[in-house]
Amino acid sequence: MFKTRSSKNTVVTVVVDNDLAFFQFEKNGKGRVLNKVPLEQFLDAGPEPGSILFELRDKTNSLLILPDYWLGNTSYEFQSKKSVLAKAFIERKLSTEYPDLPDAKNFYDFTFSQNNLKNPKLYVYFLQDNRAYELYQKLSELHLSPTQITTPALIWEQKLSKAIQGFDTVGTCLIHLLSSSCFLYFFFQDRFLFSRNINLPDLQLEPDDDTTSLSVESSNSINVLTYETNQSLYLFSQNTKTDMGKIYLLSSDKEDAHVLSDNLGKEVIPFGADIMDQKGLKASSGISADFGPVEPFHSTDLTSTKLNLNLTHLSLKKILEWKPVQRTGIAVGLILLFLLVTESLFLWQWPQIFQKKPVIAS
């Protein structure tokens, strides 16, 4: 992709709340929305949906962020660490186990398990919602094929692995609390397991609402969040056969962590700029809160040179992987051509230098 990619020639695409949004980062890191359209309208439109083409002409779609529930993941026991063998195995498995998703074998990525496991595994992530394939096809028709595809959970996985010590050894839960919704992310030994989106009682009050109403709504929200978090922690323990290691809360109010700690009976650690600063990571992005789970990411999170996991089409991925090799080959070829031309000119001039007769003074 690009470096800090506040470039005017690149855009980031996000699917959130059934909308499709295109935005780019300015030099100051602020995200500016170029266009936003209902997803179904975009998928059903003709080859040129409205003014989108005008806004995005000559742009490169550097990243497509899809909802977490469009992402499927599974694991297989696999002894070899050779990527070529792993890819052939995964594509065969996906075709066999998900016959209703014939394109899954083209939109996946994987990681190998840690070396200390008795039974080595492949952890596979793939697109499990047909709308993902439809969206990719539509973007391709508009010459906006995304060079990378990911989800908020996979971005958090990469971010948390740098921010939290021991992230690769224990279970980690991150709770991202918004005004009327909450996103729960669960990770185990450096890999994403599952996430949940919880709708909470709306805390926004009308002008004539009183403080008592606010406290009731707040209490209801915390109760709902406590119940759903406990249910998810139980599911985590069932899947991993271990207890949760650490729980972090990302919220605009640091006091929420203390309240949730009391309700859960477990320590909840506030997750904010202080933790990020300790690890040299950026904590704010300037993206509108309308983007929900994507809002807390910094431009560097969404414009990194290479994401750990990239779910874009295999054919495009191969082209991108070969580009550096091609550029290196072209550069080496030009250098060799220059040397050969220089040598040829020198050899051509060499006889003429020695054939010149000395000038005899009269």
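The paragraphs below set out a description of the structure included in this document.

1. Re the overall build of the protein
Line of reasoning, step 1. Regarding its fold elements, the protein presents 10 helices and 13 strands.
Line of reasoning, step 2. Every one of the 362 residues in the protein was classed for burial, and the buried ones make up 43%.
Line of reasoning, step 3. Taking the contacts inside the protein whose residues are at least 6 apart along the sequence as the reference set, 63% of them involve residues at least 24 apart.
Line of reasoning, step 4. Accessible area of the protein: about 20200 Å², with a carbon and sulfur share of 53%.

2. Overview of the pairing of strand 2 (residues 19–25)
Line of reasoning, step 1. Extensive coverage of strand 2 is indicated by the burial of 6 of its 7 residues.
Line of reasoning, step 2. Looking at chain direction, strand 1 (residues 10–16) and strand 2 are connected through 5 bridges and run antiparallel. Residue pairing across strands places Val14 opposite Ala21, the latter belonging to strand 2.
Line of reasoning, step 3. Following strand 1, the chain reverses through 2 residues before pairing antiparallel with strand 2; Asp17 in that reversal takes a positive phi of roughly 55 degrees.

3. A few points about empty space enclosed by the protein
Line of reasoning, step 1. As enumerated under the stated definition, the model contains 1 cavity of 30 Å³ or more in all.
Line of reasoning, step 2. Roughly 40 Å³ of internal volume is contained in the largest cavity.
Line of reasoning, step 3. Lining the largest cavity, in full, are Thr150, Leu154, Ile155, Glu157, Gln158, Leu307, Asn308 and Leu309.
Line of reasoning, step 4. A per-element tally of the lining of the largest cavity places helix 5 (residues 152–163) first, with 4 residues.

4. Remarks on the sheet that holds strand 10 (residues 181–188)
Line of reasoning, step 1. Here we have 5 strands laid out as an open sheet, ordered 11-10-9-12-13, and mixed in their pairing. Looking at which strands have only one partner, the edges of the open sheet turn out to be strand 11 (191–199) and strand 13 (268–270). Strand after strand, the sheet turns through a mean of 20 degrees between neighbouring axes, direction not considered.
Line of reasoning, step 2. The sheet contact formed by strand 9 (residues 171–177) and strand 12 (residues 246–250) spans 5 bridges and is parallel. Note that in strand 12 the partner of Cys173 across the bridge is Ile247.

5. Re the pattern of salt bridges
Line of reasoning, step 1. In total, this model carries 6 salt bridges according to the counting rule given.
Line of reasoning, step 2. The shortest N-O distance in the salt bridge between Lys317 and Asp109 comes to 3.9 Å. Pair noted here: Lys317 is in helix 10 (residues 314–355) and Asp109 is in strand 6 (residues 108–112), with a separation of 208 residues, a long-range link.
Line of reasoning, step 3. For Glu141, the salt bridge is made with Lys138, and the minimal N-O distance between the two is 4.0 Å. Of the two residues, Glu141 and Lys138 both sit in helix 4 (residues 130–141), 3 residues apart, roughly one turn of that helix.

6. Some words on the packing of aromatic side chains
Line of reasoning, step 1. On inspection of all chains with the given rule, the structure shows 18 aromatic pairs.
Line of reasoning, step 2. Relative to Phe187, the ring of Phe167 lies with its centre 5.5 Å away and its plane at 55 degrees, an arrangement referred to as tilted. Placement of Phe167 in the loop between helix 5 and strand 9 and of Phe187 in strand 10 is noted, with a sequence separation of 20 residues between them. Both residues of the pair, Phe167 and Phe187, count as buried.
Line of reasoning, step 3. Against the face of Phe291 rests Lys36, its NZ or CZ located 5.8 Å from the ring centre.

7. Section: helix 3 (residues 83–97)
Line of reasoning, step 1. The end-to-end C-alpha separation of helix 3 is 21 Å, in line with the 21 Å expected for 15 residues at 1.5 Å each.
Line of reasoning, step 2. Listed as buried for helix 3 are Ala86, Phe89, Ile90 and Leu94. When helix 3 is viewed along its axis, its buried side chains cluster within an angular range of 130 degrees and face the same direction. Among the exposed residues of helix 3, those oriented more than 90 degrees off its buried face are Val84, Arg92 and Thr96.
Line of reasoning, step 3. If you follow the buried residues of helix 3, they end up packed against strand 5 (71–77), strand 6 and strand 7 (121–127).

Thresholds, definitions, all that
Residues numbered from 1 in each chain as written. Predicted model: local features only at pLDDT ≥ 70, side-chain atom pairs only at ≥ 80, totals over all residues. Heavy atoms only, no water. Helix = DSSP H or I, 4+ residues; strand = E, 2+ residues; numbered from the N terminus. Buried < 20%, exposed > 50% of the residue type's maximum accessible area, 1.4 Å probe, protein only. Contact = heavy atoms within 4.5 Å. Areas by Shrake-Rupley, 256 points an atom, 1.4 Å probe, with all protein chains shown as cover. Pairing = 2+ DSSP bridges. 1 Å grid on protein atoms, 1.4 Å probe; cavity = no way out; pocket = protein on both sides within 12 Å on 5 of 7 lines; lining within 4 Å. Points joined across faces, edges and corners; volume = space filled by probe spheres on them. Axes fitted to C-alpha atoms, helices over the stretch in contact; angles between N-to-C directions. Salt bridge = Lys/Arg side-chain N within 4 Å of Asp/Glu carboxyl O. Phe/Tyr/Trp six-rings, centres within 6.5 Å; stacked < 30°, edge-to-face > 60°. Lys NZ or Arg CZ within 6 Å of the ring centre and 35° of its normal. Expected span 1.5 Å × (residues − 1). Arc of directions from axis to C-beta.

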